[in-house]
Amino acid sequence: MKYAIIADIHGNLDAFQVVLEDIRAQNATHIVCLGDVVGYNAQPKECLKIVRDMNIPCVKGNHDDLCSTNNELEGFNPHAADAVHWTRAQLDEEEKAWLRDLKYTRMAANFTMVHATLDAPDKWQYVFDKLAAAASFPYQNTQMCFFGHTHVPVAFMRDTVVRGGTYSKFKVDSSKKYFINVGAVGQPRDNNPKSAYVIYDMDAQTIELRRLDYDIESAQRKIREAGLPERLAERLAYGR
Ligand code: ZN
């Protein structure tokens, strides 16, 4: 079985379609989504419809949460807050109810899915380093867990200590635990504008990070036409 693990689509249909094409070309048999289907980019409804029509198992991200409720936007930067307000106005009640019903964590095959961290999945903490990863590992009951939220692909591995770093493709060691960020489909932030997702080949026991060019100018044009903040269009070109 080959799983495609996607995260942080963020309403970027141009990127999502290219990722879906690549998933088919890679002969992946299953797809799962680590949350943040909506927020930031201009096509949240279209992306949400695809996830739902394809029955892609999904966990809740902070933007899925914020865009489907009327919660206060504490600590949000103004661009992100503008995007949340805009997205709230696009989604209908039925779509919001679907997003609100998403779980914080769930299992697929033999692995765990979470948007942010396992120690406090509803607190939306960011795992950028080994210390933060070390806090999540004790709550991980499966060998593999995939997460998103930072939009920065990085893999952490625990045996006696926690190690971590960037990756492109590696073989899984069955004696170790892994906490793997699959990067973002719709708004990469590792200074690489290419859309990101992971193929987990369960037979070969390999993890492969896929990076794909997509029509960034088209996504930017839609952001501008929607009246979303210019900064959200610009950042797609830089991948940050
Ligand atoms: Zn996100």
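Cut-offs and rules
Residues numbered from 1 in each chain as written. Predicted model: local features only at pLDDT ≥ 70, side-chain atom pairs only at ≥ 80, totals over all residues. Heavy atoms only, no water. Buried < 20%, exposed > 50% of the residue type's maximum accessible area, 1.4 Å probe, protein only. Helix = DSSP H or I, 4+ residues; strand = E, 2+ residues; numbered from the N terminus. Arc of directions from axis to C-beta. Contact = heavy atoms within 4.5 Å. Pairing = 2+ DSSP bridges. Axes fitted to C-alpha atoms, helices over the stretch in contact; angles between N-to-C directions. 1 Å grid on protein atoms, 1.4 Å probe; cavity = no way out; pocket = protein on both sides within 12 Å on 5 of 7 lines; lining within 4 Å. Points joined across faces, edges and corners; volume = space filled by probe spheres on them. Nonpolar A, V, L, I, M, F, W, Y, C, P; charged D, E, K, R; others polar. Right-handed = clockwise from strand over helix to strand, strands pointing away.

(A) Summary view of helix α8 (residues 230–238). Every buried residue of α8 is listed here: Leu-232, Ala-233, Arg-235 and Leu-236. An end-on view of α8 places all buried positions within 165 degrees of arc, on one side of the element. Elements in contact with the buried residues of α8: α4 (78–90) and α7 (216–225). Phi turns positive, to about 70 degrees, at Gly-239, one or two residues after α8.

(B) Seen up close, the sheet that holds strand β6 (residues 154–158). Across the sheet, which stays open at both edges, the 6 strands sit in the order β3-β4-β5-β9-β6-β7 with mixed pairing between neighbours. The open sheet terminates on both sides in strands that have one partner only, identified here as β3 (105–108) and β7 (162–165). In this sheet, adjacent strand axes meet at a mean angle of 20 degrees when their direction is disregarded. Bridge count for β6 against strand β9 (residues 177–181) is 5 bridges, and the pairing is antiparallel. Pairing of Val-154 across the sheet is with Asn-181, part of β9.

(C) View of empty space enclosed by the protein. Under the counting rule described, the total for this entry stands at 1 cavity of 30 Å³ or more. Taken together, Gly-11, Asn-12, Leu-13, Asp-14, Asn-41, Ala-42, Gln-43, Ala-219, Lys-222 and Ile-223 form the lining of the largest cavity. Sorting the residues of the lining of the largest cavity by element identifies α1 (13–25) and α7 as the ones contributing at least two each. The biggest single contributor to the lining of the largest cavity is α7, with 3 residues. Here the lining of the largest cavity is composed, by residue class, of 4 nonpolar, 4 polar and 2 charged.

(D) Spotlight on the pairing of strand β1 (residues 2–6). Across the 5 residues that make up β1, a large majority, 4, are buried. Alignment of β1 against strand β10 (residues 195–201), held across 4 bridges, turns out to be antiparallel. Within β10, the residue paired with Lys-2 across the bridge is Asp-201. In the sheet, β1 pairs with strand β2 (residues 30–33) via 4 bridges, with the strands oriented parallel. When the bridges of β2 are listed, Ala-4 appears paired with Ile-31. Handedness of the crossover joining β1 and β2 through α1 is recorded here as right-handed.

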